[in-house]
Amino acid sequence: MDPIQERSRQVTRRTLLRNGANGLGAMALGSMLGKTAFGGVRDKGLPHFTPKAKRVIYLFMNGAPSQMDLFDYHPKMREIHGIELPDSIRQGQRLTTMSSGQKSFPCVAPMFKFKKYGQHQTWVSELLPHTAGIVDKISLIKSMNTEAINHDPAITYINTGSQQQGKPSMGAWLSYGLGSMNRDLPSYVVMISRGKGNFQALYSRLWGSGFLPSEHQGVKFRSGKDPVLYLSNPDGIDPATRRRMLDGIAKINEAKYEETHDAEIQARISQYEMAFRMQTSVPDLMDLSTEPDSTFELYGEDARTPGTYAANCVIARRMAERDVRFVQLFHRGWDQHGNLPRDLRGQCKDTDQASAALVIDLERRGLLEDTLVIWGGEFGRTIYSQGALTETNHGRDHHPRCFTTWMAGAGIRPGYEHGETDDFSYNIVRDPVHINDLNATILHQLGIDHDRFTYPYQGLDQRLTGVEKPRVVTELLA
Amino acid sequence: MSTTLALLLLTCSPDGPITIEFGRDVQPILAKHCFVCHGPDQGTRKARLRLDLPSIVGEEQGILVPGQPLSSEFINRITHASADDRMPPAEESVLTPEEIKTLTLWVKEGAQYQRHWSFEAIEAPTLPPSGAWARNEIDRFVLAELAAENIEPSPEVNRATLIRRLSFDLCGMPPTPDEVTAFVSDESPGAYEDLVDRLLATDAYAERMTLAWMDAARYGDTSVHHADGPRDMWPWRDWVLRAYRENMPFNQFTVEQLAGDLLPEPTTEQLVASGFHRNSPTSDEGGAIDEELRVKYMVDRVKTTSNVWVGLSMECAQCHDHKYDPVTQKDYYRFFAFFNQSTEMGYQTRNGNAIPLISLPTEGQKADLAALDDSIQSVAAFFKAAAPSPGAFEEWHSAEHKQLLERDTPVLGTWYSAGPFKKGTKAEAYSADHGPEAIEVDVAAKVGGLDWKERSDQDGAVHTLGSTPNAAIYLTRTIHCERAQSASISLGSDDSIRIWLNGKIIFENDTGRAAAANQDQASLELPTGESQLLMKIVNGGGPTSYYFKMGAENLPEPVLAALKAEPEGLSEKARGVLHDHFIRTVWPEGIEQVSIKEAALARKAGVEKSIGTVMVMKDVAKSRMTYILDRGQYDAPHKDQPVEPGVLEDLLPLPAGAPPTRLGLAQWLVDPDHPMTARVTVNRYWAMLFGRGLVSTVMDFGTQGARPSHPALLDWLAHDFVESGWNVKRALKQIVMSATYRQDSRADKSRREADPENVLLARAPRFRLHGEFLRDQALAVSGTLVDKMGGPGVKVYQPEGLWNAVSLNRNLRFTQDHGEKLYRKSMYIYWKRSAPQPAMATFDTPIRDTCVVQRQCTNTPMQALVTLNDVQFVEAARHLAQRLILSKKDFNARLDLGFMLCTAHPATPLAREVMLETFKAQLAVFQADKDAALALLGMGESARDESLDAAEHATWTVLASMILNLDETLTRE
């Protein structure tokens, strides 16, 4: 029997109280990690090998940032500006029906300035001055690719390894496989912010647990009064009253346990205790008033406004300090079908400084070495203009064949560029990285062999990385 | 020969009774280690060797030689000393010594294959001997397994717990204290059976069964993908409610839901039932490719059908032959072909129901429409029969003619219309220029690919142009003036309207309404000569209609032309136009009749607009060809491999005479000889009542699924189910009547440790109630439940901003309902699938974007936060408190009532002590802080009884909340 469960069967709440909070934590942990009500594998033998990463912060840029306007720049783009997209480049690529009816596909060079940064002379757009400052700390993957061309299937795909709904998200897989490292907070936390651009729908299934036990689903933290749903006591109930209620409930429940010997009862007692602790730990986590001014200098003044991407980045760092396993920030508004020059600038302004600050801050605190930071979206955008191309305006449609993602920390090679696209940023010419390869690499850094990390469901060994054999991109590893 | 093998052979038993059972012992090993390369999937098969078919056994092949492991190449290879020759390859998997031993013994005992257990026909098994404990056949099977393990069943549970258990299991509701008392004191031998019968006859039973079916049918009130817009499938859900209430046989239940539309002359009810597969998630994403989406919907239908009825997951075979079960890729696409005939589109609306759909007027609406038609017809009859007094027309004609010659009135041209021009949303249809807005209108030319069509509409009445939702229709006409002038116009529209005069927008109203006279007024600045009027009517749903009339003295062109002509020598036709005009607009009785008709038409349009619809299945007239899709890709059909619709013939051929359509598929599923459907269905009922199926993998009865814990019992139940005419209530009754069901759930430690998962059923299970049942229980015990059956989903309390956080460009906001709707049963909660109601989702209600036949049952801190803090539960607690205070006088009686309501027994001495202590401490707190008491009593929208002392009421609210949060209250024991 699982030692934690064994313990939870034997230890009554009184002894737990004597043992203090550690005992309670262990028990709550036990039931959050161990209990799978209907089947599922108990002994997962994880991690498979020594991990480099203990935790992950995934900065998900929902809507698909334009790779060639931010990173994947080719000086030749200036020459192809305005010409029709050659068939030799498009190669019969299927287009979304938003632009497939266009008569003309004029190529558009980025309407932004680019400069080379860092020891490897990496191109970075003027829109990302702060990210430009950390190029020597990150690995830039210019050869990301996927098959999905629309948001809903694509974002489902990169988050769950399948375009069909119903599969667990990466965070749920990690919560299930590796469990929690802290006793006061969930192991998978999601936060959402948005820019001013065109924003795509999100779905709670993106942080869902699919067929895994649902305690592994992401818990969405929000700004405002109740960072976690139903966290606050009802009006008129103060903490002392709540404490009194829980003590009373626990006494009666314990008697029930003595009568039935059902371990679920003890798990329930500890879950009520964990809920009680979260009522202080979560507001404490979310309260940025204790942060010094230097934090806001680093992340930007936006970070003082709850609900912004910058504020969420500061909270992500605070969660890393508290050992939350998987933090996922969804920032919305990257879907620039039109008005790209204006809207992309706004999106970058909202995110650039805080993203870079997070990496710098984690490094200063010694957390970057075992925290994996990932920045990226669900696919890329087309070199050709969607809608009319004018001197100052244009749009870009969805493009699955290439896009850019960056990673930092936790054994990822700093100051490295991986993969290459053609001058149209349309096709990959070197070292493609499929989204499942990326996910396999993330798992690898967490000490998990993606192929052996399975869950039996409907007669199959299900994997985060799907049925194809993906590849750990070892070139990205330091 | 390796030394391992030699050792093994030594340990093998000599000739004797067969000890190895293929299905139980061998098949799982082969499936795990061998079938990927040597199984049904020809795509990955190596060395052309198949180990999944018995034809491989025999001396000639030398692979599996019965009785002779040493001469069997199979055994040689799995025990080979050389790693290079050993199977399976070490990098793929490794056989344990135990597994090798089993395989060797199997060959030694004859290498007999058996068909996988669930693919075998269901035979009525022999009944094991009875015993004193057994109450019915079920118990004899359970007892046989227990006896084999030397375990005693548990005694029957006390009656109070039994009625609470049964009430939740069958009805999802707690028993009332009166029901508990009556049952506990009823000593008649039939008391329990009476209770079972009574519960099975309630509406709550139908609601409870429907809830489970909603998970399987992935029911939702929204479309899932992209915008996740609203849809109305609740009439389908209400059909399910009625079916369960009437105990519709499961075979009919199946046929009507899978193919109600294909039955001969289907009734409306049967069409509604066919909506089962319209619960599929659909998309409205702008850039999506129609065929890709359409294929996705068909894939979902194959998956759902196979999960729910067949108990096989066919998904793998979408891309390649199944590696374990006998489902080839061709089988998959033959199954797929049944569904691939649907007329629906891939790209669907984000704004309500998508075609094919049917209208569902209520009885009231039908009566209203009939009455309105009557009055419209009576007007027609009036004009046929009545006539103005002789000479009145002639008098008017000559006067008007004279007057007209002295005036200078704009001459209105004939109306022309073009459209509809459809878009994804009404807003898009309204904002888009579909052709004529920026150009000079030419009714002889095409506009947006369509022709302008002449209309004979008379001004001053509501005219209906069509009924395409989210579409624009243009109207245009000329207006001729001898001199420049202003003219007022009176307008009506369904819905939005925009008007251009000579290319300039002069009026617009983006609105939603049924058209009627004089809804808007506008003014036209008409220059000398000819002007062009362009009008755009944009409809969001229901009819597209408009009303137009120029100021009173402006007459329609035909009338004007006829009036201008000299009265003498006027053609019959022109005279007819004038006479008609006179009768309708001048003659007082005629005017009255016209206004009656106009009012009736407007009301009719309103009623028609309010009629609900439901999505149904409909097949294309000419069947659509289905091809095997390479790796399941919609755009990679193997055009050389067309497939006809077909069932999994390995399980059972299509019954004779069954058509090759969904109807045939449904008939195949409920054929009495089908090996899976009845087993899968009774197993689902068993899992509902015991928390665990006899086959624990309720969705997977294939070779990779779990084997049944009580195979004979499963077959007995399945056989009886079919024999009884697929009688659902009978199947459930049988199970709950058993001694097995009625056992105590308490067990000593040794018993729990011997069988922690309770596979052998030596006790009753104990598990947490569904979130729906917990909320309904809170509403019921607090006396606030509004127990009404069916109807649209209700939007109950939920934290703010949840829809907003996920919605597409902020386009859908949650608007909470009020009043009664806040207190309806939880199964009616509006189910938005991109952001499901969070309290229910926290308690494992599935998202319902995919089929789920058994819910998870987790235990998390988030759940504690819901039942302690969610306003719905706090409000229920204060009403429960109010009920206790008003019903009983003293502390103990009040507390006992609270416990009776929530746990079916009075408070235990310990509970009383704990609660009294809490009461005293808490009362002091609230007496000192009245504001806190009032704040607590202000939770929720319902009023409190202000005659109660606030501190006492608040204190009891705290106690009530504690009772609602007790493990026992949250659990079915």
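Above: the structure in question.
As the structure is a prediction and not an experimental result, all values here were calculated from the model.

**Student:** Hey, could you run me through the overall build of chain B in this one?
**Tutor:** Across its full length, chain B carries 36 helices and 19 strands. Taken along the three principal axes of its C-alpha coordinates, chain B extends 125 × 85 × 50 Å. Burial status across chain B gives 50% buried among its 973 residues. The long-range fraction of contacts in chain B, counting pairs at least 24 apart against all pairs at least 6 apart in sequence, stands at 73%.

**Student:** Would you mind showing me how to read the overall build of chain A here?
**Tutor:** The number of helices and strands found in chain A is 15 helices and 17 strands. When each of the 478 residues of chain A is scored for burial, the buried share is 62%. Considering only intrachain contacts with a sequence separation of at least 6, the fraction spanning at least 24 residues in chain A is 77%.

**Student:** Which parts of the structure should I look at to understand the environment of Ser-595 of chain B?
**Tutor:** All names here are of chain B. Position of Ser-595 among the secondary structure elements: in helix α21 (residues 588–610). Given 12 C-beta atoms within 10 Å, Ser-595 falls into the exposed group. For the pair Ser-595 and Ala-461, spaced 134 residues apart in sequence, the C-alpha to C-alpha distance is 9.0 Å.

**Student:** Is there a simple way to explain the sheet that holds strand β12 (residues 520–526) of chain B in this structure?
**Tutor:** Hydrogen bonding along the main chain pairs the strands of a sheet, whether they run parallel or antiparallel. Residues and elements named next belong to chain B. Spatial strand order, β7-β14-β9-β12: 4 strands in an open sheet with antiparallel pairing. Looking along the sheet, the strands with just one partner apiece sit at the ends: β7 (462–466) and β12. Sheet twist, expressed as the average angle between the axes of neighbouring strands with direction ignored, equals 30°. As defined by bridge partners, strand β9 (residues 485–494) adjoins strand β14 (residues 544–550) across 6 bridges and the pair is classed as antiparallel. Across the sheet, Ser-490 pairs through a bridge with Lys-549, a residue of β14. Contacts between α21 and the sheet are confined to β7, β9 and β14, with β7 contributing the most and set at about 35° to the helix.

**Student:** Explain the interface of chain A and chain B here, please?
**Tutor:** A common measure of how large an interface is: the accessible area buried when the components associate. At the junction of the two partners, chain A supplies 66 residues and chain B supplies 78 residues. At the level of secondary structure, the elements contributing two or more residues to the side of chain A that touches chain B comprise α8 (151–160), α10 (239–260) and α11 (263–286) of chain A. The dominant element in the side of chain A that touches chain B, judged by the number of residues it contributes, is α10 of chain A, at 12 residues. Grouping the constituent residues of the side of chain A that touches chain B by class yields 27 nonpolar, 25 polar and 14 charged.

**Student:** Please explain unusual backbone geometry as it appears in this structure.
**Tutor:** For residues that are not glycine, phi is negative in most cases, and the peptide bond is trans in most cases. Residues Leu-46 of chain A and Pro-47 of chain A are joined by a peptide bond in cis, for which omega reads -5°. Along the chain, the position of Pro-47 of chain A falls in the loop between α3 (21–33) and β1 (55–62). Phi is positive for Val-224 of chain B, close to 85°, though the residue is something other than glycine. For Val-224 of chain B, the location among the structural elements is in the loop between α10 (203–216) and α11 (234–245). The class of Val-224 of chain B is buried, set by 27 C-beta atoms lying within 10 Å. A positive phi is found at His-226 of chain B, a non-glycine position, where the angle reads about 60°. Secondary-structure assignment places His-226 of chain B in the loop between α10 and α11. Under the C-beta neighbour-count criterion, His-226 of chain B is labelled buried, with 25 such atoms within 10 Å.

**Student:** Please clarify how the environment of Lys-52 of chain A should be interpreted in this entry.
**Tutor:** Residue and element names in this part refer to chain A. With respect to the element layout, Lys-52 can be found in the loop between α3 and β1. Along the chain, Lys-52 and Ala-410 lie 358 residues apart, while their C-alpha atoms are 5.2 Å from each other. Excluding anything up to four places from it in sequence, Lys-52 contacts Asp-370, Ala-410, Gly-411 and Gln-445.

**Student:** Please explain the pairing of strand β11 (residues 504–509) of chain B as it appears in this structure.
**Tutor:** Side chains on a regular strand alternate between the two faces of the sheet. Residues and elements named next belong to chain B. Here strand β10 (residues 496–501) pairs with β11 via 5 bridges, running antiparallel. Each residue of the ladder has a partner; that of Trp-500, found in β11, is Ile-505. Turn length for the β10-β11 hairpin, with the two strands adjacent in sequence and antiparallel, is 2 residues, and the turn residue Asn-502 shows positive phi of about 50°.

**Student:** Would you mind showing me how to read α10 of chain B here?
**Tutor:** Counting along an α-helix, one turn takes 3.6 residues, and residues three or four places apart therefore face a common direction. All names here are of chain B. If you check α10, its first and last C-alpha atoms are 20 Å apart, about what 14 residues at 1.5 Å a residue would give, namely 20 Å. Counted residue by residue, α10 has 11 buried out of 14 residues, so it is predominantly covered. Those residues of α10 that sit buried are Tyr-205, Ala-206, Glu-207, Arg-208, Met-209, Thr-210, Leu-211, Ala-212, Trp-213, Met-214 and Ala-216. Taken from the residues just after α10, Arg-218 is the one with a positive phi, measuring 40°.

Parameters at a glance
- The numbers attached to residues start from 1 for each chain and follow its sequence in the written order.
- Lettering for chains starts from A, numbering for ligands starts from 1, and both go in the order in which the items are written.
- Local features are withheld for residues below a pLDDT of 70 in this predicted model, meaning they are given only at 70 or higher, and side-chain atom pairs are given and counted only at 80 or more; totals for whole chains, interfaces and linings count all residues.
- A helix here means a DSSP run of H or I that spans at least four residues, while a strand means a run of E at least two residues long, and both kinds are numbered starting from the N terminus.
- Neighbour density around each residue's C-beta defines its exposure: 20 or more other C-beta atoms within 10 Å make it buried, 12 or fewer make it exposed, and counts between make it partly exposed, where C-beta atoms are placed from the backbone.
- By the convention adopted here, residues make contact when the C-beta atoms placed from their backbones lie within 7 Å.
- Pairing between two strands requires that DSSP report at least two bridges joining them.
- For helices, the axis comes from a line fit to the C-alpha atoms of the stretch in contact; other axes are also lines fit to C-alpha atoms, and the angle between any two N-to-C directions lies between 0 and 180 degrees.
- Throughout this entry, Asp, Glu, Lys and Arg are counted as charged residues, while Ala, Val, Leu, Ile, Met, Phe, Trp, Tyr, Cys and Pro are counted as nonpolar. The remaining residues, Gly among them, count as polar.
- To estimate how far a helix should reach, multiply one less than its number of residues by 1.5 Å.

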